[in-house]
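Residue-level structural notes
Listed below are the residues making up each chain.
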Amino acid sequence: MSLVRRAVPEDADEVLRLRQVMIDSVFSSDSSASPASPASSTKWHEESLPTLRGRLADPDGGFAAFVVDHPERPGALAALTAGTIEYRIGRAGNPRGRVGHVFSVATDPDVRRRGYARACMEELLGWFREQGVPQVDLNASAEAEPLYASLGFVRKPDPSMRLQL
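Here's a quick rundown of the structure. (Residues numbered from 1 in each chain as written. Predicted model: local features only at pLDDT ≥ 70, side-chain atom pairs only at ≥ 80, totals over all residues. Heavy atoms only, no water.)

**Considerations on the overall build of the chain**
- Secondary structure summary: the chain contains 4 helices and 5 strands in total.
- The helix and strand sequence of the chain, counted from the amino end, reads β-α-α-β-β-β-α-β-α.
- The burial tally for the chain puts 38% of its 165 residues in the buried class.
- Contacts spanning at least 24 positions in sequence make up 67% of the contacts within the chain whose residues lie at least 6 apart. (Helix = DSSP H or I, 4+ residues; strand = E, 2+ residues; numbered from the N terminus. Buried < 20%, exposed > 50% of the residue type's maximum accessible area, 1.4 Å probe, protein only. Contact = heavy atoms within 4.5 Å.)

Right under this line is the structure:
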(Lines give C-alpha, C1' and ligand atoms only; values in the text may rest on other atoms or scores of the structure.)
Protein backbone atom coordinates (compact mmCIF):
# COMPACT_ATOMS: atom_id res chain seq x y z
CA MET A 1 0.00 0.00 0.00
CA SER A 2 1.26 3.48 -0.92
CA LEU A 3 2.10 6.05 1.71
CA VAL A 4 0.57 8.69 -0.57
CA ARG A 5 -3.09 9.62 -0.42
CA ARG A 6 -5.24 12.32 -1.92
CA ALA A 7 -5.69 15.24 0.47
CA VAL A 8 -9.14 15.80 2.00
CA PRO A 9 -10.74 18.95 3.46
CA GLU A 10 -9.56 18.00 6.96
CA ASP A 11 -5.97 18.33 5.70
CA ALA A 12 -6.38 21.98 4.72
CA ASP A 13 -4.53 23.49 7.71
CA GLU A 14 -1.57 21.17 7.17
CA VAL A 15 -1.60 21.75 3.41
CA LEU A 16 -1.30 25.49 4.08
CA ARG A 17 1.48 24.87 6.61
CA LEU A 18 3.47 22.88 4.04
CA ARG A 19 2.79 25.48 1.37
CA GLN A 20 4.34 28.01 3.73
CA VAL A 21 7.34 25.68 4.19
CA MET A 22 7.75 25.70 0.39
CA ILE A 23 7.37 29.48 0.15
CA ASP A 24 9.87 30.01 2.97
CA SER A 25 12.43 27.69 1.38
CA VAL A 26 12.09 29.23 -2.09
CA PHE A 27 12.36 32.80 -0.85
CA SER A 28 14.78 32.31 2.06
CA SER A 29 17.78 32.96 -0.18
CA ASP A 30 16.27 36.14 -1.63
CA SER A 31 14.64 38.25 1.06
CA SER A 32 13.79 40.98 -1.45
CA ALA A 33 11.51 38.55 -3.32
CA SER A 34 9.55 37.38 -0.28
CA PRO A 35 5.84 37.79 -1.02
CA ALA A 36 4.73 38.39 2.55
CA SER A 37 5.95 39.32 5.97
CA PRO A 38 5.55 36.71 8.74
CA ALA A 39 2.62 38.67 10.19
CA SER A 40 0.76 38.72 6.90
CA SER A 41 1.28 34.96 6.31
CA THR A 42 -1.19 34.15 9.09
CA LYS A 43 -3.75 36.43 7.48
CA TRP A 44 -3.50 34.77 4.06
CA HIS A 45 -3.76 31.32 5.69
CA GLU A 46 -7.03 32.31 7.35
CA GLU A 47 -8.37 33.81 4.12
CA SER A 48 -7.29 30.79 2.05
CA LEU A 49 -8.65 28.08 4.33
CA PRO A 50 -12.34 28.08 3.27
CA THR A 51 -11.49 28.07 -0.45
CA LEU A 52 -8.89 25.34 -0.02
CA ARG A 53 -11.31 23.16 1.96
CA GLY A 54 -13.87 23.56 -0.84
CA ARG A 55 -11.35 22.66 -3.53
CA LEU A 56 -10.19 19.60 -1.58
CA ALA A 57 -13.82 18.49 -1.27
CA ASP A 58 -14.38 18.62 -5.05
CA PRO A 59 -12.67 15.61 -6.67
CA ASP A 60 -13.68 16.72 -10.18
CA GLY A 61 -12.76 20.41 -9.97
CA GLY A 62 -9.44 20.34 -11.82
CA PHE A 63 -7.40 20.56 -8.61
CA ALA A 64 -5.65 17.80 -6.69
CA ALA A 65 -3.28 17.58 -3.76
CA PHE A 66 -1.46 14.44 -2.70
CA VAL A 67 0.10 14.03 0.73
CA VAL A 68 2.06 11.71 2.98
CA ASP A 69 1.15 11.60 6.66
CA HIS A 70 3.97 12.49 9.03
CA PRO A 71 5.40 9.26 10.48
CA GLU A 72 6.14 10.74 13.92
CA ARG A 73 3.47 13.42 14.39
CA PRO A 74 -0.14 12.21 14.23
CA GLY A 75 -2.36 14.68 12.40
CA ALA A 76 0.58 16.32 10.64
CA LEU A 77 1.64 15.93 7.03
CA ALA A 78 5.17 15.09 5.94
CA ALA A 79 4.89 15.98 2.25
CA LEU A 80 2.61 17.65 -0.27
CA THR A 81 2.21 18.09 -4.01
CA ALA A 82 -0.61 20.11 -5.53
CA GLY A 83 -1.60 20.90 -9.07
CA THR A 84 -4.34 22.20 -11.32
CA ILE A 85 -5.60 21.54 -14.80
CA GLU A 86 -5.99 24.62 -16.95
CA TYR A 87 -7.69 25.03 -20.29
CA ARG A 88 -5.97 26.81 -23.15
CA ILE A 89 -7.15 26.95 -26.74
CA GLY A 90 -5.93 23.76 -28.41
CA ARG A 91 -2.89 23.54 -30.64
CA ALA A 92 -0.83 20.89 -32.41
CA GLY A 93 0.26 18.35 -29.83
CA ASN A 94 -2.51 19.38 -27.43
CA PRO A 95 -5.75 19.79 -29.40
CA ARG A 96 -7.91 19.61 -26.26
CA GLY A 97 -5.95 22.42 -24.62
CA ARG A 98 -5.47 20.70 -21.25
CA VAL A 99 -2.34 21.78 -19.38
CA GLY A 100 -1.30 20.66 -15.93
CA HIS A 101 0.49 22.96 -13.54
CA VAL A 102 2.31 21.83 -10.39
CA PHE A 103 2.47 24.74 -7.98
CA SER A 104 3.29 23.29 -4.56
CA VAL A 105 5.79 20.60 -3.68
CA ALA A 106 6.95 20.59 -0.07
CA THR A 107 8.42 18.23 2.49
CA ASP A 108 8.59 18.96 6.19
CA PRO A 109 12.27 19.71 6.92
CA ASP A 110 12.54 16.99 9.57
CA VAL A 111 11.59 14.19 7.14
CA ARG A 112 13.40 15.18 3.94
CA ARG A 113 15.44 12.74 1.83
CA ARG A 114 12.97 9.85 2.39
CA GLY A 115 11.39 9.90 -1.08
CA TYR A 116 8.10 11.46 0.04
CA ALA A 117 8.13 14.33 -2.48
CA ARG A 118 8.95 11.91 -5.31
CA ALA A 119 6.12 9.58 -4.26
CA CYS A 120 3.66 12.49 -4.12
CA MET A 121 4.84 13.80 -7.50
CA GLU A 122 4.39 10.37 -9.07
CA GLU A 123 0.79 10.26 -7.79
CA LEU A 124 0.10 13.78 -9.05
CA LEU A 125 1.56 12.94 -12.48
CA GLY A 126 -0.60 9.80 -12.55
CA TRP A 127 -3.66 11.95 -11.80
CA PHE A 128 -2.75 14.28 -14.67
CA ARG A 129 -2.44 11.28 -17.00
CA GLU A 130 -5.84 9.92 -15.87
CA GLN A 131 -7.35 13.35 -16.65
CA GLY A 132 -5.97 13.30 -20.20
CA VAL A 133 -3.43 16.07 -19.64
CA PRO A 134 -0.60 15.80 -22.20
CA GLN A 135 1.77 18.38 -20.69
CA VAL A 136 2.62 19.52 -17.17
CA ASP A 137 4.47 22.70 -16.25
CA LEU A 138 6.14 23.74 -13.02
CA ASN A 139 8.63 26.24 -11.69
CA ALA A 140 11.66 24.55 -10.13
CA SER A 141 13.96 25.75 -7.41
CA ALA A 142 17.63 24.85 -7.91
CA GLU A 143 17.38 22.41 -4.99
CA ALA A 144 14.38 20.57 -6.47
CA GLU A 145 15.43 20.58 -10.13
CA PRO A 146 17.23 17.19 -9.96
CA LEU A 147 14.02 15.52 -8.70
CA TYR A 148 11.96 17.00 -11.52
CA ALA A 149 14.59 16.15 -14.13
CA SER A 150 14.60 12.54 -12.93
CA LEU A 151 10.83 12.48 -13.51
CA GLY A 152 11.30 13.70 -17.10
CA PHE A 153 10.83 17.47 -16.78
CA VAL A 154 13.07 19.62 -18.96
CA ARG A 155 13.89 23.33 -18.87
CA LYS A 156 12.06 25.38 -21.47
CA PRO A 157 12.72 28.82 -22.84
CA ASP A 158 10.08 30.84 -21.05
CA PRO A 159 9.14 34.33 -22.08
CA SER A 160 6.70 34.61 -19.17
CA MET A 161 5.71 37.99 -17.82
CA ARG A 162 3.35 38.84 -14.97
CA LEU A 163 1.08 41.72 -14.04
CA GLN A 164 0.02 41.90 -10.40
CA LEU A 165 -3.57 43.18 -10.23
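After that view, the rundown keeps rolling.
**Brief notes about helix 3 (residues 116-130)**
- Over its 15 residues, helix 3 runs 21 Å from end to end, which matches the ideal 21 Å to within 8%, given 1.5 Å per residue.
- Every buried residue belonging to helix 3 is among Tyr 116, Ala 117, Cys 120, Met 121, Leu 124, Leu 125, Gly 126, Trp 127 and Phe 128, and all of these are buried.
- On its buried face, helix 3 is in contact with strand 1 (4-6), strand 2 (63-69), strand 3 (77-87), strand 4 (98-107), strand 5 (135-138) and helix 4 (145-150).
- Residue Gly 132 follows helix 3 closely and has a positive phi angle near 75 degrees. (Expected span 1.5 Å × (residues − 1).)

**Description of the pattern of salt bridges**
- Counted under the stated rule, the structure contains 11 salt bridges.
- Arg 5 is paired through a salt bridge with Asp 11; the nearest N and O atoms lie 2.7 Å apart.
- Taking relative accessible area as the criterion, Asp 11 reaches 8% and is therefore assigned buried.
- Note that Asp 108 is salt-bridged to Arg 17, the shortest N-O span being 2.9 Å. With a gap of 91 residues between them, Asp 108 in the loop between strand 4 and helix 3 and Arg 17 in helix 1 (residues 12-27) connect regions that are remote in the sequence.
- For Asp 108, a relative accessible area of 7% translates into the label buried. (Salt bridge = Lys/Arg side-chain N within 4 Å of Asp/Glu carboxyl O.)

**Description of the packing of aromatic side chains**
- One pass over the structure, following the stated rule, counts 3 aromatic pairs.
- Summarising the aromatic geometry, the rings of Phe 63 and Phe 103 are spaced 6.2 Å apart at their centres and angled 25 degrees between planes, so their arrangement reads as stacked. You can see Phe 63 sitting in strand 2 and its partner Phe 103 sitting in strand 4, a full 40 residues away along the chain.
- For the pair Tyr 148 and Phe 153, a centre-to-centre distance of 6.0 Å together with 70 degrees between the ring planes defines the contact as edge-to-face.
- Using a relative accessible area of 17% as the deciding quantity, one classes Phe 153 as buried. (Phe/Tyr/Trp six-rings, centres within 6.5 Å; stacked < 30°, edge-to-face > 60°.)

Geometry only, nothing functional implied.
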